[in-house]
Amino acid sequence: MKAIIRSEYGGPEMLRMAELPRPMPGDDEILVRVRAASVNAMDWRLLRGTPFPARLAAGGLRRPARTKLGHDFAGDVEAVGSNVTAFEAGDAVFGSGAGAFAEYVCARATQVAPKPGNATYAQAASVPVAAITALQALRDAGHAKSGQRVLLDGAAGGVGTFAIQIARTLGTTVTAVCSGTNAAQAAALGADRVIDYTREDFLHDDVRYDLVVGVNAHRSIFDYRCVLGPAGIYVLVGGGGPQLLQAFLLAKPLSLGRQRFRLHMARSNHDDLALLGRFLADRTIVPAIECHYGFDDVARAIAHVERGHARGKVVIDIA
Ligand SMILES: NC(=O)c1ccc[n+]([C@@H]2O[C@H](COP(=O)([O-])OP(=O)(O)OC[C@H]3O[C@@H](n4cnc5c(N)ncnc54)[C@H](OP(=O)(O)O)[C@@H]3O)[C@@H](O)[C@H]2O)c1
């Protein structure tokens, strides 16, 4: 099969198309013929091996332990492992598996859900990491409830565009922060108010929020604390290195009062994927896809997302 690989840490120029043996599913895995994949921020971080401590977790300090890249996919089941009963060959599915920028990928059956018949492969491939992150940040870490005021800082990218839609589904009033070029998209996805961060500063408002999600946080944790209500929750999902370090060091001490500060790490699981599949089927969520790239253009797709201003999701058409 054809797959996108790299053998060193570096930029998108390190990527090349290679011919590899088709992988064999383990007992709890399925083998999927990939039709579409989508790019996440984690793909360029894994490619570059940054931040450096992430190399420890990935198991390759000087060279990447895994040569294949890509995570989110949608496609058709080709074969299943001996313990898998939920899927069979021919099922259309979507989910997450290491090495999804390839013609075939193996994924644990628990990391996969049926693709709704009315969703395209590209739409389904857009969902896994970004929508699970948005769902869990709002529902689990943020305890978002109907009637609450929610601020989403970084509302125009992969996670943010799902977060707007899911926050509305949870019954909250949504203020989305993004640049002016993406304001119309945020409003169309359901944001009640849009703040263009190039012209307006949410700190200068009198509004206090029940929940602030730093989707792509570029402000200090103390700025976010300023706009939290007395029992508000701040959830950091992603953003710059200083924001991540601040949240890592200060979330606990700042949570000694009634306000809560959390650094959220999403966990993929079958139940949430299946729920998002139902949301996709009934149009509760509609993936905002900015553009498609061809399979031989993965390097350009990753470079696009790495520039930090992708508008929603970037899809790679594999087959
Ligand atoms: N914790 C987890 O489990 C987890 C899971 C997935 C992702 N993440 C992280 O979450 C972050 C967001 O992921 P993503 O997939 O949404 O990334 P993304 O698609 O690359 O986000 C791009 C968006 O960020 C916005 N942005 C850039 N600078 C901004 C600023 N100064 N203020 C507000 N928005 C700004 C851009 O909007 P404009 O063009 O309008 O500026 C753009 O639409 C990343 O850091 C990613 O690594 C974390």
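All residue numbers refer to position in the chain's written sequence, counted from 1. Residues qualify for local features only when their pLDDT is at least 70, as the model is predicted, and side-chain atom pairs are given and counted only at 80 or more; totals for whole chains, interfaces and linings, by contrast, use all residues. Only hydrogens and water are set aside; all other atoms, that is, all heavy atoms of the structure, feed into the side-chain values.

Observations concerning the pairing of strand S4 (residues 72-80)
Here is step 1: Paired strands, in this sense, are two strands between which DSSP finds at least two bridges. The helix count covers DSSP runs of H or I at least four residues long, the strand count covers runs of E at least two residues long, and both are numbered beginning at the N terminus. Relative to S4, strand S3 (residues 29-39) runs antiparallel, the two being bridged by eight bridges. Looking at the pairing, Ala36 lines up with Ala74 of S4.
Here is step 2: As defined by bridge partners, S4 adjoins strand S5 (residues 92-96) across five bridges and the pair is classed as antiparallel. Looking at S5, one finds that Gly75 is bridged to Val93.

What about the packing of helix H4 (residues 128-141) against helix H9 (residues 270-281)?
Here is step 1: Running from N to C, H4 and H9 cross one another at 100°; their axes reach a closest spacing of 10 Å. With respect to H9, the element H4 is oriented roughly perpendicular. Side by side, H4 and H9 meet where Pro128, Ala131, Ile132, Leu135, Gln136 and Arg139 of the first sit next to Asp272, Leu273, Leu275 and Leu276 of the second.
Here is step 2: Each residue is assigned to one of three groups, with Ala, Val, Leu, Ile, Met, Phe, Trp, Tyr, Cys and Pro labelled nonpolar, Asp, Glu, Lys and Arg labelled charged, and all others, Gly among them, labelled polar. When its residues are assigned to classes, the contact of H4 with H9 shows seven nonpolar, one polar and two charged. Lines fitted to C-alpha atoms define the axes here, with helix axes fitted over just the stretch in contact, and angles between the N-to-C directions of these axes take values from 0 to 180 degrees. Convention used here: angles under 35 degrees read as roughly parallel, angles over 145 as roughly antiparallel, angles from 65 to 115 as roughly perpendicular, and any remaining angle as oblique. Note on contacts: a residue pair qualifies if any of its non-hydrogen atoms lie within 4.5 Å across the two residues.

Observations concerning the environment of Ala251
Here is step 1: Within the secondary structure, Ala251 sits in helix H8 (residues 241-254).
Here is step 2: Considered as a pair, Ala251 and Tyr234 are 17 residues apart in the sequence and their alpha carbons are 9.0 Å apart.
Here is step 3: With sequence-adjacent residues up to four places away left out, Ala251 is seen in contact with Gln246, Phe261 and Arg262.

A short note on the state of the cysteines
Here is step 1: Here, a disulfide means two cysteine sulfur atoms that sit within 2.5 Å of each other. With the rule as written, the count across this model stands at zero disulfides.
Here is step 2: No disulfide involves Cys178; its nearest neighbouring cysteine sulfur is the one of Cys291, lying 17 Å away.

Things to note about the UniProt feature "domain: Enoyl reductase (ER)" (unreviewed entry) in the protein chain
Here is step 1: UniProt positions are given in the numbering used here, feature names are shortened, and annotations may be inferred rather than shown by experiment. Residues annotated in UniProt with the feature "domain: Enoyl reductase (ER)" (unreviewed entry) correspond here to residues 10-316.
Here is step 2: Taken end to end, residues 10-316 is 30% helix and 26% strand, and its first and last C-alpha atoms sit 20 Å apart.

Focus: the domain arrangement of the protein chain
Here is step 1: As far as domains go, the protein chain holds domain 1 (2-126 + 287-317) and domain 2 (130-263).
Here is step 2: These domain limits were set by an automatic method or by a database of domain assignments. Computed over C-alpha atoms only, the centres of domain 1 and domain 2 are separated by 27 Å.
Here is step 3: When two parts are brought into contact, each loses some accessible area as probed by a 1.4 Å sphere; the total of that loss over both is the buried area. Together, the buried faces of domain 1 and domain 2 total about 780 Å²; carbon and sulfur atoms form 46% of this surface.
Here is step 4: Looking only at domain 1, the three residues that lose the most surface to domain 2 are Ala288, Arg311 and Gly312, adding up to 48% of its buried area.
Here is step 5: When a carboxyl oxygen of Asp or Glu lies within 4 Å of a side-chain nitrogen of Lys or Arg, that pair is called a salt bridge. Counting every contact that joins domain 1 to domain 2 gives zero salt bridges.
Here is step 6: Pairs of N or O atoms within 3.5 Å make up the polar contacts considered here, provided that, within protein, one atom can donate a hydrogen while the other can accept it, and that residues adjacent in sequence are counted only when both atoms are side-chain atoms. Counting every contact that joins domain 1 to domain 2 gives four residue pairs in polar contact (both at pLDDT 80 or more).
Here is step 7: Considering only residue class, the side of domain 1 that touches domain 2 consists of three nonpolar, four polar and four charged.

Some points on a nonpolar patch on the surface
Here is step 1: Without a salt bridge and with relative accessible area above 30%, a residue can belong to a patch; like charges are then joined within 9 Å and nonpolar side chains (Val, Leu, Ile, Met, Phe, Trp, Tyr) within 5 Å. Only the protein chains shown count as cover for residues, and all accessible areas are computed by the Shrake-Rupley method using a 1.4 Å probe. A contiguous nonpolar surface patch, about 500 Å² in accessible area, is contributed by Leu244, Leu245, Phe248, Leu249 and Leu263.
Here is step 2: Looking at the nonpolar patch, the element that brings in the most residues is H8, giving four residues.
Here is step 3: Any residue under 20% of the maximum accessible area for its type is buried, any over 50% is exposed, and the rest in between are partly exposed; the area is computed with a 1.4 Å probe on protein chains only. Look at Leu249 and you get exposed, because its relative accessible area is 55%.

Examining the site of the ligand
Here is step 1: A cutoff of 4 Å decides nearness: a residue is near a molecule or strand if any of its heavy atoms lies inside that distance of it. Lining the immediate environment of the ligand, one finds 27 residues, of which Ser179, Tyr197, His264, Ala266 and Ala310 sit closest.
Here is step 2: Asn216 has a polar side-chain atom sitting 2.8 Å from an oxygen atom of the ligand.
Here is step 3: A distance of 3.4 Å is found between a nitrogen atom of the ligand and a side-chain nitrogen or oxygen belonging to His218.
Here is step 4: When residues of the shell around the ligand are traced back to their parent elements, those giving at least two are helix H1 (41-48), H4 and helix H5 (158-169).
Here is step 5: The residue makeup of the shell around the ligand, split by class, is twelve nonpolar, 13 polar and two charged.
Here is step 6: Here the shell around the ligand gathers at least three residues from each of two domains, domain 1 (2-126 + 287-317) and domain 2 (130-263).

Regarding unusual backbone geometry
Here is step 1: The omega torsion of the bond from Thr50 to Pro51 falls at -5°, within 30 degrees of zero and hence cis.
Here is step 2: The topology assignment puts Pro51 in the loop between H1 and helix H2 (53-58).
Here is step 3: You will see that His143, though not glycine, has its phi angle at about 45°, which is positive.
Here is step 4: One non-glycine residue, Arg283, lies in positive phi territory at about 65°.
Here is step 5: Position of Arg283 relative to the elements: it lies in the loop between H9 and strand S14 (289-294).
Here is step 6: Note on Arg283: relative accessible area 41%, which makes it partly exposed.

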